[in-house]
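The chain contents come next:
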Amino acid sequence: MSSIMENFLVPKHEIISEEEKVALLNKYKISLKQLPKILSSDPVVKVIGAKVGDVIKITRNEMEIGHTLYYRVVIKG
Amino acid sequence: MEVGKVDSIKFEIMSPYMIKKMAAVKIEKPELYDPDGYPIDGGLMDLRLGVIDPGLRCKTCGGKMGTCPGHFGYLELTKPVIHPLFAKKIYQILKVTCPVCGRVMTSDENIAKKKPMLNKLYKSAPKTCPHCGAKATEIKFQKPTIFYEDGKDLNPEQIRERLEKIPDSDLPVLGISTRPEYMILTVLPIPPVTVRPSIVLETGERSEDDLTHKLIDIVRINDRLKKNIELGAPDFIIDDIWQLLQYHVSTYFDNEISNLPPARHRSGRALRTLAQRLTKKEGRFRGNLTGKRVNFSARTVISPDTMISVNEVGIPEVIAKTLTVPDHVTEKNIDEMRKIVLNGPDVLNGANYVVRPDGMRKRVMDLNKEEIAKEITPGYIVERHLKDGDIVLFNRQPSLHRMSIMAHKAKIMPYRTFRLNLCETIPYNADFDGDEMNLHVPQTEEARIEAEKLMLVENNIRSPRYGLPVIAFKHDHISGCYFLTREGAKFSKEEVAYLLNLIGKKSPGHEMVGKELFSLILPDDLNMEFVSSYCVGCDTCLKDKCPYDSYVVIKNGKLLHGIIDEAALGERKGKLLNKIDMKYGHARARQFMDELSKLALGVLSLRGFTISISDFDISDDGEKKIKDTKKKFEREAEKLVENYNNGRMEKLSGMTQEKTLEMYMQQIASKVSDQTGKVIKNSVNDKSSAVIMAKTGARGSYVNLSQTAAIVGQESLEGERINRGYTGRTTSHFKRGDLGLKARGFVEGNYRHGLNAIEFFFDAINSRENLMDKSLQTRHSGYMERRLVSALQDLRVEYDGTVRDNRGVIIQFMPGSDSLDPSKINHGEIDLNLVRENIEGENDD
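All residue numbers refer to position in the chain's written sequence, counted from 1. A letter from A marks each chain and a number from 1 marks each ligand, given out in the order of writing. Residue-level local features of this predicted model are given only where pLDDT is at least 70; pairs of side-chain atoms are given and counted only at 80 or more, and the full residue set underlies all totals for whole chains, interfaces and linings.

**Student:** If you had to explain the overall build of chain B to someone new, which residues and values would you point to?
**Tutor:** Of regular secondary structure, chain B possesses 27 helices and 30 strands. Principal axes of the C-alpha set define a box for chain B whose edges measure 110 × 100 × 55 Å. Think of it as a crowd count around each C-beta: if 20 or more other C-beta atoms lie within 10 Å the residue is buried, if 12 or fewer it is exposed, and in between it is partly exposed, with C-beta placed from the backbone throughout. Scored against the burial criterion, the 845 residues of chain B give a buried share of 32%. Of the contacts formed within chain B by residues at least 6 apart in sequence, a portion of 66% connects residues at least 24 apart. Helix and strand assignments follow DSSP, with helices taken as H or I runs no shorter than four residues and strands as E runs no shorter than two, numbered in order from the N terminus. Here, residues touch in the contact sense if the C-beta positions derived from the backbone fall within 7 Å of one another.

**Student:** Before we move on, could you go through the overall build of chain A and cite the residues and values that matter?
**Tutor:** When you go through chain A residue by residue, the secondary structure sums to 2 helices and 4 strands. If you list the helices and strands of chain A from N to C, you get β-α-β-α-β-β. The principal-axis extents of the C-alpha atoms in chain A amount to approximately 40 × 35 × 20 Å. Buried positions account for 12% of the 77 residues belonging to chain A. In chain A, the proportion of contacts linking residues at least 24 apart, taken out of those at least 6 apart, comes to 62%.

**Student:** I'd like a description of the interface of chain A and chain B, backed by residues and values.
**Tutor:** Taken together, the contact pairs 11 residues of chain A with 11 residues of chain B. Note on residue categories: nonpolar means Ala, Val, Leu, Ile, Met, Phe, Trp, Tyr, Cys or Pro, charged means Asp, Glu, Lys or Arg, and polar means any other residue, Gly included. Of the residues in the side of chain A that touches chain B, the class split is 7 nonpolar, 2 polar and 2 charged.

**Student:** Lay out the sheet that holds strand β21 (residues 528-531) of chain B with the relevant residues and their values.
**Tutor:** Residue and element names in this part refer to chain B. We treat two strands as partners when DSSP finds at least two bridges between them. Taken in spatial order, the 3 strands make up an open sheet running β21-β22-β23, and their pairing is antiparallel. The outermost strands of the open sheet, each flanked by one partner alone, are β21 and β23 (558-561). Within this sheet the neighbouring strands show an average axis-to-axis angle of 20°, counted without direction. In this sheet, strand β22 (residues 551-555) lies alongside β21 in antiparallel orientation, the contact comprising 4 bridges. Paired with Val 531 across the bridge in β22 is Tyr 551. Between N-to-C directions, angles span 0 to 180 degrees; the directions come from axes that are lines fitted to C-alpha atoms, helices contributing only their stretch in contact.

**Student:** So what's going on with the packing of helix α23 (residues 657-683) of chain B against helix α25 (residues 702-709) of chain B? Residues and values would help.
**Tutor:** For any two helices packed against each other, the geometry comes down to the angle between their axes and how far apart the axes lie. All names here are of chain B. Taken N-terminus to C-terminus, the directions of α23 and α25 make an angle of 95°; their axes are 9 Å apart at the nearest point. What the angle tells us is that α23 and α25 run roughly perpendicular. The segment α23 lies against α25, with Thr 676, Gly 677, Ile 680 and Lys 681 engaging Tyr 702, Leu 705, Ser 706 and Ala 709. Looking at the contact of α23 with α25, its residues break down into 4 nonpolar, 3 polar and 1 charged. Throughout this description, any angle smaller than 35 degrees is read as roughly parallel, any larger than 145 degrees as roughly antiparallel, any in the 65 to 115 degree range as roughly perpendicular, and the remainder as oblique.

**Student:** Break down the nonpolar core for me, with residues and values.
**Tutor:** Residues and elements named next belong to chain B. Buried Ala, Val, Leu, Ile, Met, Phe, Trp, Tyr and Cys residues form a nonpolar core when they are connected through C-beta atoms within 7 Å. Core analysis: the largest hydrophobic core is formed by 98 residues, its most contacted members being Ile 315, Leu 439, Cys 481, Ile 564 and Leu 569. In contact with Leu 569, other than residues within four places in its own chain, are Ala 472, Phe 473, His 477, Ile 478, Cys 481, Ile 564, Gly 574, Leu 576 and Leu 577. One finds Val 81, Ile 139, Leu 188 and Leu 245 within the second-largest nonpolar core, a separate group that totals 49 residues.

**Student:** Can you explain helix α17 (residues 493-502) of chain B? Please cite residues and give values.
**Tutor:** All names here are of chain B. Listing the buried residues of α17 in full gives Val 496, Leu 499 and Leu 500. One side of α17 holds all its buried residues, which, seen down the axis, span an arc of 95°. The elements touched by buried residues of α17 are β19 (490-491), β20 (512-513), α18 (514-519) and α21 (586-607). Gly 504 sits one or two residues past α17 and shows a positive phi near 70°. The arc refers to the directions leading from the helix axis to the C-beta atoms.

**Student:** Hey, could you go over the domain arrangement of chain B for me, with residue numbers and the actual values?
**Tutor:** Bear in mind that the domain bounds are from an automatic or database domain assignment. Taken domain by domain, chain B holds domain 1 (85-182), domain 2 (297-460), domain 3 (475-607) and domain 4 (614-757). The gap between the C-alpha centroids of domain 1 of chain B and domain 3 of chain B is 81 Å.

**Student:** Can you explain α21 of chain B? Please cite residues and give values.
**Tutor:** Helix span, expected: 1.5 Å multiplied by one less than the number of residues in the helix. Compared with an ideal rise of 1.5 Å per residue, which puts 22 residues at 32 Å, α21 of chain B spans 31 Å between its outermost C-alpha atoms and is within 8% of the ideal. Just downstream of α21 of chain B lies Gly 608 of chain B, where phi reads positive at about 85°.

**Student:** Provide a residue-level description of unusual backbone geometry, including the pertinent values.
**Tutor:** Residues and elements named next belong to chain B. A cis geometry characterises the amide bond from Lys 143 onward to Pro 144, with omega recorded as 0°. Mapped onto the elements of the fold, Pro 144 is located in the loop between β3 (139-142) and β4 (146-149). Look at the link from Gln 397 to Pro 398: it is a cis peptide, with omega at 0°. In this model, Phe 296 sits at a positive phi of 55°, which is unusual for a non-glycine residue. One can find Phe 296 in the loop between α10 (284-290) and β9 (297-304). For Asn 429, which is not a glycine, the phi torsion comes out positive at approximately 55°. Mapping Asn 429 onto the fold places it in the loop between α14 (425-428) and β18 (436-440).

**Student:** So what about the sheet that holds strand β30 (residues 810-812) of chain B? Which residues, and what values?
**Tutor:** Residue and element names in this part refer to chain B. An order of β28-β29-β30 is seen for the 3 strands of this open sheet, with the pairing classed as antiparallel. Unpaired on one side and paired on the other, β28 (796-797) and β30 mark the two borders of the sheet. Looking at chain direction, strand β29 (residues 803-804) and β30 are connected through 2 bridges and run antiparallel. For Val 803, the partnering residue across the bridge sits in β30 and is Gln 812.

**Student:** Please provide a residue-by-residue account of the pairing of strand β15 (residues 391-395) of chain B, values included.
**Tutor:** All names here are of chain B. Relative to strand β16 (residues 405-413), β15 runs antiparallel, the two sharing 5 bridges. Each bridged residue has a counterpart across the sheet, and for Phe 394 the counterpart in β16 is Met 406. Bridge count between β15 and β18: 3 bridges; the pairing is antiparallel. Across the sheet, Leu 393 pairs through a bridge with His 440, a residue of β18.

**Student:** Give a description of the environment of Gly 53 of chain A that names residues and reports values.
**Tutor:** Residues and elements named next belong to chain A. You can see Gly 53 is positioned in the loop between α2 (43-48) and β3 (55-62). Looking at Gly 53, the number of C-beta atoms within 10 Å reads 12, which means it is exposed. For Gly 53 and Val 74, which are 21 residues apart along the polypeptide, the C-alpha to C-alpha distance reads 5.4 Å.

**Student:** Give me the confidence of the model for chain B: which residues, what numbers.
**Tutor:** Confidence scores per residue from the predictor, reported as pLDDT, run from 0 to 100. Model confidence for chain B is summarised by a mean pLDDT of 90, while 99% of its residues fall at 70 or above. Per the prediction output, this complex has pTM 0.79; the corresponding ipTM is 0.93.

**Student:** Give me the lowdown on the packing of helix α20 (residues 575-584) of chain B against α21 of chain B, citing residues and values where you can.
**Tutor:** Residue and element names in this part refer to chain B. One way to put it is that α20 packs onto α21 with a least axis distance of 6 Å and a crossing angle of 145°. Residues Leu 577, Ile 580, Asp 581 and Tyr 584 of α20 form the contact with α21, whose own contacting residues are His 586, Arg 588, Ala 589 and Phe 592. A breakdown of the residues in the contact of α20 with α21 according to their chemical character gives 5 nonpolar, 1 polar and 2 charged.

**Student:** Could you give an account of the environment of Val 74 of chain A, with specific residues and numbers?
**Tutor:** Residues and elements named next belong to chain A. Tracing the backbone through its elements, the reader meets Val 74 in strand β4 (residues 66-75). Judged by the 22 C-beta atoms lying within 10 Å of it, Val 74 falls in the buried class. For Val 74 and Ala 50, which are 24 residues apart along the polypeptide, the C-alpha to C-alpha distance reads 7.3 Å. Among all residues touching Val 74, those that are not within four sequence positions of it are Ile 38, Ser 40, Val 45, Ala 50, Lys 51, Val 52, Gly 53, Asp 54 and Ile 56.

Given below as structure tokens:
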């Protein structure tokens, strides 16, 4: 069985470093609670091995404008 | 300021101790006032329950009316009664708990899990208690509040004892966190008088609130029950009174319980008790919390005005004199403001109120207007009447998309209706058969600017849904443009003068061709080519040599070829409007629309425009052809049916013989319509108004045309030929099992010559289905819109470009995740020609 990450419908997911995380939160002047969430039981989270509290950077391909970035914080569940 | 955050809210059932603790008064007397009209101590209007009369002070907190929130009292019930809204829960709990030991009749593991499972448990309650082995009793519940155990009455006192026996440890399984016996009332909280204020009538009489009436009943019956018990009355009398008390308490909470007659007022009107205050459309939630009322708004019937700008709305003088805008008095405008105040409240451009710098409001009257005019200095605020050019919001319900509410510039007019430009009927979905619309006046400078920049009509010409104009031309506008721009349209010197006068342009003083006239209002450097909707669709397009003048060529702002019609100006089509709006800006597009609509309607009024039944006359040759096609396919259909009846019909794959026949018959029916449609296209009078409207897209279509002139065609019900009615046939005019065209709703006639009775019936079946579908669809879409609004109402785009909700939680990092505004994109496509033009500069060929 191939990994779900290889499916063309699954965008690129990466765990960002602690420094990047701080920079992100500072950029939008928000706390971790104000980021969009993703459950730790999410299949992608399991595959990339993200822990609760990690922030995942998702690079999506948007047809019109190239790619967009989206960030989600892993929560318990 | 740092605001504390609410982590969670827990709802519980109030305990009798709590009710007593929070109460300020113990209610003991059913009377309200003594003979002097003074509230009785311990009565339901006790002064300690709060103040409702201005000027008095509260006996509990000392606050005045408005500052004292009111205080609860309590009533000690002589015998416990069931809280009617908890009756079902009580029943469920009784059913799953042991009558002897009080434990929940399920395994210890289940109880230890602490997971609420009452619903599961009560569906399959065990026969014996797993904890003490006692036999379970059969509990019966008769709505609304009567319980039986093994056929014997179970009164609230007994039920309460049962519930008291349930240990705390078993409560989580039942899904409750409070003591269950609190669901049986022993103490009734008496709401403060502020909740049930009495009104003093003109006669000096007091009229009490419905709740007070209900409470009087409860207190009185409670008192009677107590006295009867003290006197040692027989059990059946006590039970009767007890039941009556239960009835009063039940209706006090909810007066619309099924199987319980509603408590009525002396006049026979049902009382509006606690539940009725909250539920339904006029209840607290829908009526007061979700639907708030506003000031500075107006509503009246709408009517059309062809001379008004798209940006404007005509406002009746009466409304303009009632709605006001607060204007700050400054050194620069003080003279003007004095003039406004001197006009008084009854003259247009006057003022209704003046606000002093200390916040005091003064009403401007004819008596004191001179005095106030002298008094005002910079720092005062004058609430002046609405005047021409003020920004107002205009709305028509249902507000299904954002163009349902747009900002307009006020134009004060005589008479009593709102006047609007006809192009706006499309986004508002308005017509003038009695429609009413709402108007709101923004009260602050920020609100006005925001409304103007985002919501002004001209800024919403192009829809964010499909990136083409929604504010566009329709009906007569398009017919008018056809007569203005068609080949051979000529206007005399006088006509030119009349038309140009309409749009405030100077007449050149000679006769003009329609296309020249039209070119006058185009932007000077406009270049474009497109196919108009008049196009008949030739195999090879001759472009600017089109014999039907259906290929539009605009060069340097001059219309050289082509008819301007729906393809140039219509809703969701309008190429010309679209281009002007994108290239020359919203204001230019608005100007173009204002001028063209006046011009087009001017042309129509010079010429006149009407339709008649003779518009649908077709040539003899055409009649014959139509007759022939009808016959030809009828014969074909007959043959098919014959084959089917003989069992010689070949089945298509995946279909039964019946289905195969149905499919073929439907194909034939549509072929008849198609081919007659084609005949109609060629044999109808091109110059008749109805045909012109169909071809230009002003109104109607070829389908309408051919249904009127030639054949109505197959009527359908639920996507099939009509096949219901009697056994095996649609009506008794046909043989059973007749599957022919006519027997299954094919209408051979046309609207011009009229349908026969059977055809008419089939037509009515079809019309009814369409009507039903339409009304169900609107209900459906209305609810979908409501759900969308509820889900999205708090989202907004912050200054950093993120989309956030009201907690500041990021929903999207960019609006729509791509930051693209569909209303700024040409029909969702990137127009490479436009890009090229912008890079290279124009006029390069």
